[in-house]
Amino acid sequence: MSTNPSAPSPAATTHVDFWFDPSCPWAWMTSRWVDEVAKHRDLDVTWHIMSLAVLNEDKDVSESYRAFFPRALRYTRLVAAVRELEGQDAVKPLYDALGIRIHPGGSKNPDEVIPAALAELGLPAEYLRYADSDEYDEQLRASHFDGINRVGQDVGTPVIAVDGVAFFGPVISPAPKGEQALALWDGVVAAARYDGFFELKRSRTREPIFD
């Protein structure tokens, strides 16, 4: 039986970088998909913070959207601080602990979400102060622009790099599981790896579906 030498090898380790804003429901959906793929494929995923507030700070956006940025910035500042204080391995657990409360949990109150997430992970309660501090904004911005400069300014979150090839998205709802998740992964990665491929898009017809 012949084989396709260009087909992805399930046994090979794939290095993935994932940039997220904890407040973005679409990034959350994509992160759940990557988690599902990682159950079946050898993925080495590094999670990085990016910021919708930073991304849109010089853009003309609606007042209602701009009013959301201070809340979003609190979460991104917290993640940036914990990354510096606790190390890279603390980023994904913190994202999970925040995101499960923000998205499936539906909480819009950082003063409830952050203490609960810190307590779940056994992190110091006083880390709450970093959500309102610019102490680690330099690191936050460095992480943000590391991701965004790989794909250009006309995108959002998430940004994913697969073996060094970066792209925005995919934007999905709900997050697929099992073979469907793997088929989507192989298709997206194959498209992203073609140097001349830039965009494939259609209008969203549903909101994020959490499970």
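Look up: the structure comes first, before these words.
Residues numbered from 1 in each chain as written. Predicted model: local features only at pLDDT ≥ 70, side-chain atom pairs only at ≥ 80, totals over all residues. Heavy atoms only, no water.

J.: Just checking my understanding: could you explain the overall build of the protein chain for this structure?
T.: What the protein chain contains, in helices and strands, is eight helices and four strands. The secondary structure elements of the protein chain, listed N-terminal to C-terminal, are β-α-β-α-α-α-α-α-α-β-β-α. For 211 residues, the compact-globule estimate of 2.2 N^0.38 gives 17 Å, and the C-alpha radius of gyration of the protein chain, at 17 Å, lies within 12% of that figure. Expressed as lengths along the three principal axes of its C-alpha atoms, the size of the protein chain is roughly 60 × 40 × 30 Å. Of all 211 residues assigned to the protein chain, the portion counted as buried reaches 45%. If you take every contact in the protein chain between residues at least 6 apart in sequence, the share linking residues at least 24 apart comes to 74%. For the protein chain, the accessible area works out to roughly 11,300 Å², and carbon and sulfur atoms hold 50% of it. Of the side-chain charges in the protein chain, 21 are positive and 32 negative, and the distance between the mean point of each set is 5 Å. (Helix = DSSP H or I, 4+ residues; strand = E, 2+ residues; numbered from the N terminus. Rg over C-alpha atoms; globule rule 2.2 N^0.38 Å. Buried < 20%, exposed > 50% of the residue type's maximum accessible area, 1.4 Å probe, protein only. Contact = heavy atoms within 4.5 Å. Areas by Shrake-Rupley, 256 points an atom, 1.4 Å probe, with all protein chains shown as cover. Lys, Arg positive; Asp, Glu negative; His and termini not counted. Charge placed at Lys NZ, Arg CZ, Asp CG, Glu CD.)

J.: What am I meant to see in the packing of aromatic side chains here?
T.: Any aromatic ring pair is given by two values, namely how distant the centres are and how the planes are angled relative to each other. Under the definition given, this model contains eleven aromatic pairs. Each ring, one from Trp47 and one from Tyr95, has its centre 6.1 Å from the other, and the planes form 55 degrees; the classification is tilted. Within this pair, whereas Trp47 is found in strand β2 (residues 43–49), its partner Tyr95 is found in helix α5 (residues 91–102), the two being separated by 48 residues in sequence. In this structure Tyr95 comes out as buried when scored by relative accessible area, which is 0%. (Phe/Tyr/Trp six-rings, centres within 6.5 Å; stacked < 30°, edge-to-face > 60°.)

J.: Quick question: what am I supposed to make of the pairing of strand β3 (residues 159–162) here?
T.: Every regular strand shows the same layout, with side chains that alternate between the two sheet faces. Of the two faces of β3, both are covered, the one formed by Val159 and Ala161 as well as the one formed by Ile160 and Val162. Bridging between strand β1 (residues 14–20) and β3 involves four bridges; their strand directions are antiparallel. Of the residues in β3, the one forming a bridge with Val16 is Val162. In this antiparallel pair of consecutive strands, β3 and strand β4 (residues 165–168), the connection spans two residues, and Asp163 shows a positive phi of 50 degrees. (Pairing = 2+ DSSP bridges.)

Take it as geometry only, folks, not as evidence of what the structure does.
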